[in-house]
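# Analysis of the macromolecular model
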Amino acid sequence: MSIRNLDKMFAPRSVALIGASAQESSVGQVLLKNLMTAGFQGSIAAVNPHTPELGGIKAVANIAALAETPDLAVIATPPHTVPGIIDELGQRGTRAAVIITAGFGELGAEGKALQARILDAARPSLMRIAGPNCLGIMVPGVGLNASFAHLNPLKGDIAFVSQSGAVVTAMLDWATTRGIGFSHIASLGGMSDVDFGDMLDYLARDPQTRSILLYIESVSEARKFLSAGRQAARLKPVLIIKSGRHAAAAKAAASHTGALAGSDAVYQAAFRRAGMLRVDGIEDLFDAVETLSTRPERKLLAGNRLAILTNGGGVGVLATDFVIDEGGRIAELAPETLVALDEVLPRTWSHANPVDIIGDAPASRYAASIDVLLRDPNTDAVLAMNCPTAVVDNVAAAHAVADAAEKSVKPVFTSWIGDQGARAGRQVFMDRRIPTYDTPNQAIHAFMLQVRYQRNQRLLMEIPKAGPAWPDRDLAKARRIVDTVLAEKREWLNEFEAKALVGAYGIPIVETRTVHDADEAARVAGELGFPAALKILSPDISHKTDVGGVALGLESVDAVRGAARMMLENVGKVAHGARVEGFTVQRMVSRPNALELILGIVDDVTFGPVILFGQGGTAVEIIRDKAMALPPLNAVLADDLIRRTRISKLLEGYRGRPPADFEAITGALMALGDLAADLPEVCELDINPLWADDSGVIALDARVRVREAKQKGTGRFAVKPYPVDLEGSLKGRDGKAFPMRPIRPEDTQLIDEALENTAPEDLRMRFLSPLRRLPRQLAARLTQIDYDREMAFVVFTDESMTEVAGVGRLSEDPNRERAEYAILVRTDRQGLGLGYALMTHLIAYAKSRGVGEVFGHVLRENMPMLDLCDEFGFTRERIDGEPGVVEVVLDLKD
């Protein structure tokens, strides 16, 4: 993952167009026209061997004739010429190129070979490549339009990155007519080099970008993408349109889990886990951006309870229906709220939510009502609506609502309904940056987008440990089962083995025995007790019910014997040629209140292991009530996975049926996360059904598929777990051990308390400015880190781990060429040698990660830190424009 030289691509000082043309409406002509008319202040050069002048500027015949080396090259020449052009540009010193030309990876093996030659040519000079087969890039803030789009985009603070050039032009057309501007537009095309992960890294750090929008068709490097996405989503909204929502799942999937998973469902789980928000279309995209970017530091939703304020009862009822359809809740107003509304409203008001304040409601009635609703403890947000009437001034009413919205910490959504009569009111909200929508449905949809976005942001903070959720699991037994099956060159575990594997991870299973013939089945059933269940045992039969391979409710020895003989006869007819090894026998469990669930694992080709949960049973693929999540899981993530399904409502209890044991269900899900980490050979698993009721869970059947593992442990996981292996201690100057561990999202309060116990001067030395408490966004950035690219070690005063003594941080650049360190030791814990110990530990960690050099920015007056750096062999370098700050650098490459 790399942002190296992307500054040359998106903020170049000079641009050369290779393949400029004078032919009207050709790609080369449109590219040159866009470059010349967008307001770019740097130099622009055109390369064309057939004409001396193009578009009012002198053209040169070849790259060697360019007067200066361009930072950015835009290439629109035939495919076979491109590798040589890249090589020549790289030797001249060009560090970025946009390849417009098509005819590479999309054309099969020959095109892929040509694309590989491009990358080979770029590699020696570290040149970055956007494309090939792309529309180009646009950066309105610097007047750069290196594309063949039909419009110059407006300047704004939204970045849009797309695999599809057609979607870019559609978005550009849509946005321009609505006055929406962009900080960056990038069409990535074939993504031979620069991909979504690189763009997320770059745009997350860009101060001109407030929101990031992505149009995604596919992701190539999952961990890179999610690592960059999680980092970006902590700092600004990241919204995604993903095409292919209804693509068929892999037809070869033999388990229920495999059939239910589907690529799109896995992408949805990945976006959710990374704190990003998926939307359905372009209009949704901008509605969400408008909502999420309106003073986000104050407008945080606590939940999905909406209060509706309206001057029309009918539209209030329609809005209520839509809230429920979208999965929101109509707020149940508190008694004190109803009393307060009685005091400010006429007797004829609705006395419930929606709050109908009657058609003649003036601005003062809106003001009084919304103030009351925003104070209601059961309300998370307010939707204010207005239907135009001839007796009131809806512009004044809009100002009244806007006044309240600006003062409130709760979000306010507005919809002034109508066309000509509502425009002036809507303009009030637009001018004052209050979210406003043409229809109530649009407003409610935007509200629910924010609900989902903030739910994903909460999930972003969850970083489960890499260690087992169930330490008492029998890993040795599980390993023996898998190794035996692989040694026998089998792909599927039989039912007995599958249940034993699940049981080794602490998930209760029904006692099951294997038998070879009908007589043995009858005898074993008599030992286990009745009623009995009998199932065919065959490595060639995936779904036993489909071939008559299951008999339930057998009440006697004779019934079992007869069922076994009939089963052999039926299976022989329906599954001709299938190998039959015998039967499995179990005593049927009686749990009349139990619900049937399915739990599973599938190894996705892009994102690795994925956990599935949903409603189980034989009709599982028809009901399709399921949700998916990326491991590892903790209790919070497992509970969220459960509650994304319809069956979760039944699990909560209904009509006298007690609630199911959620702790047992979440425990089973976390156990599957452990299994995925421990046994990379397991590529498909489903437990179906898993019965769940108030007394716990029990697995009635399981299927497991294995294959040789290509990668061990959690390296296959798309989300890097909390690195429990890095927990330990540091020794101070007198040999005392101080507990130490990597930072966690929940450490914000502990860090704030440490800052409060640190002298202002020490804080100024660490943060280069006075700071007593971390601002919310900075706290999120410092505590919700991605362990794939950043590390912060928290040192505690004692074993209780309730007081922070110091923090050492190392932030790698995406290339791992450099890593910036920072150390803070609490004032009353200085002099114990913790600063020295932290520096030693950070340097050792950087070396283990292959970092090229460690650096830091230190105030010139911070002599203790400068002396410490001298002791470790850091060199000092000046920072241009910052005379009071020194950059200290330690080379680790030797």
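Every value quoted in this text rests on a predicted model; they were computed, and no experiment measured them.

### A few points about the nonpolar core
Counting 69 residues, the largest nonpolar core has Leu-214, Phe-225 and Leu-226 as the members making the most contacts within it. Among residues more than four places away in sequence, those in contact with Phe-225 are Phe-196, Gly-197, Leu-200, Leu-214, Ile-216, Val-219, Ile-240, Phe-271 and Met-276. One finds Leu-595, Ile-647, Ala-702 and Phe-717 within the second-largest nonpolar core, a separate group that totals 52 residues.

### Description of helix α19 (residues 518-528)
Buried within α19 are the following residues: Ala-518, Ala-521, Ala-522, Val-524, Ala-525 and Leu-528. Contacts from the buried residues of α19 go to β20 (512-515), β21 (532-537), α20 (557-574) and β23 (582-587). Here α19 starts with a cap whose side-chain oxygen sits 3.3 Å from the backbone nitrogen of Asp-519, and that cap is Asp-517. In the stretch just after α19, Gly-529 is the one whose phi turns positive, near 110 degrees.

### Quick look at the confidence of the model for the protein
Residue-level pLDDT values for the protein average 89, and 94% of them are 70 or greater. Here residues 247-262 scores under 50 on pLDDT; set against residues more than four positions off or in separate chains, the count is 43 contacts.

### Digging into the sheet that holds strand β37 (residues 885-891)
Ordered by their spatial adjacency, 8 strands build an open sheet running β30-β31-β32-β33-β34-β35-β37-β36, and the pairing between neighbours is mixed. The strands lining the two open edges of the sheet, one partner per strand, are β30 (728-731) and β36 (875-878). Looking at each pair of strands side by side, their axes are set apart by 30 degrees on average, direction ignored. Both β30 and strand β31 (residues 737-742) contribute to a ladder of 4 bridges, which runs antiparallel. Of the residues in β31, the one forming a bridge with Gly-728 is Met-740.

### Re the sheet that holds strand β22 (residues 550-554)
Strand order in the open sheet formed by 4 strands is β20-β23-β21-β22, and the pairing between neighbours is antiparallel. Bordering the open sheet on either side are β20 and β22, each of which pairs with just one other strand. On average, each strand axis in the sheet is tilted by 20 degrees relative to the strand beside it, whichever way the strands run. Where β21 and β22 come together, 3 bridges link them in antiparallel fashion.

Cut-offs applied
- Within each chain, residues carry numbers counting from 1 in the order of the written sequence.
- Only residues with pLDDT of 70 or above have their local features reported here, since the model is predicted, and side-chain atom pairs are shown and tallied only from 80 upward, although totals for entire chains, interfaces and linings are computed over all residues.
- Computation of side-chain values covers all heavy atoms of the structure but excludes hydrogens and water.
- The set of buried Ala, Val, Leu, Ile, Met, Phe, Trp, Tyr and Cys residues whose side-chain atoms join them within 4.5 Å is what this entry labels a nonpolar core.
- Note on exposure labels: buried denotes an accessible area under 20% of the residue type's maximum, exposed denotes more than 50%, and partly exposed covers the range between, all computed with a 1.4 Å probe on protein chains only.
- Contact definition: two residues touch when any of their heavy atoms are within 4.5 Å.
- In this text, helices come from DSSP runs of H or I with a minimum length of four residues, and strands from runs of E with a minimum of two, each type numbered from the N-terminal end.
- The definition of a polar contact used here is a pair of N or O atoms within 3.5 Å, where within protein one atom must be able to donate a hydrogen and the other to accept one, and adjacent residues in sequence count solely through side-chain atom pairs.
- Confidence of the predictor in every single residue is expressed as pLDDT, which spans 0 to 100.
- In this description, strands pair whenever DSSP reports at least two bridges between them.
- The axes used here are C-alpha line fits, helices contributing only the stretch in contact, and every angle between their N-to-C directions lies in the interval 0 to 180 degrees.

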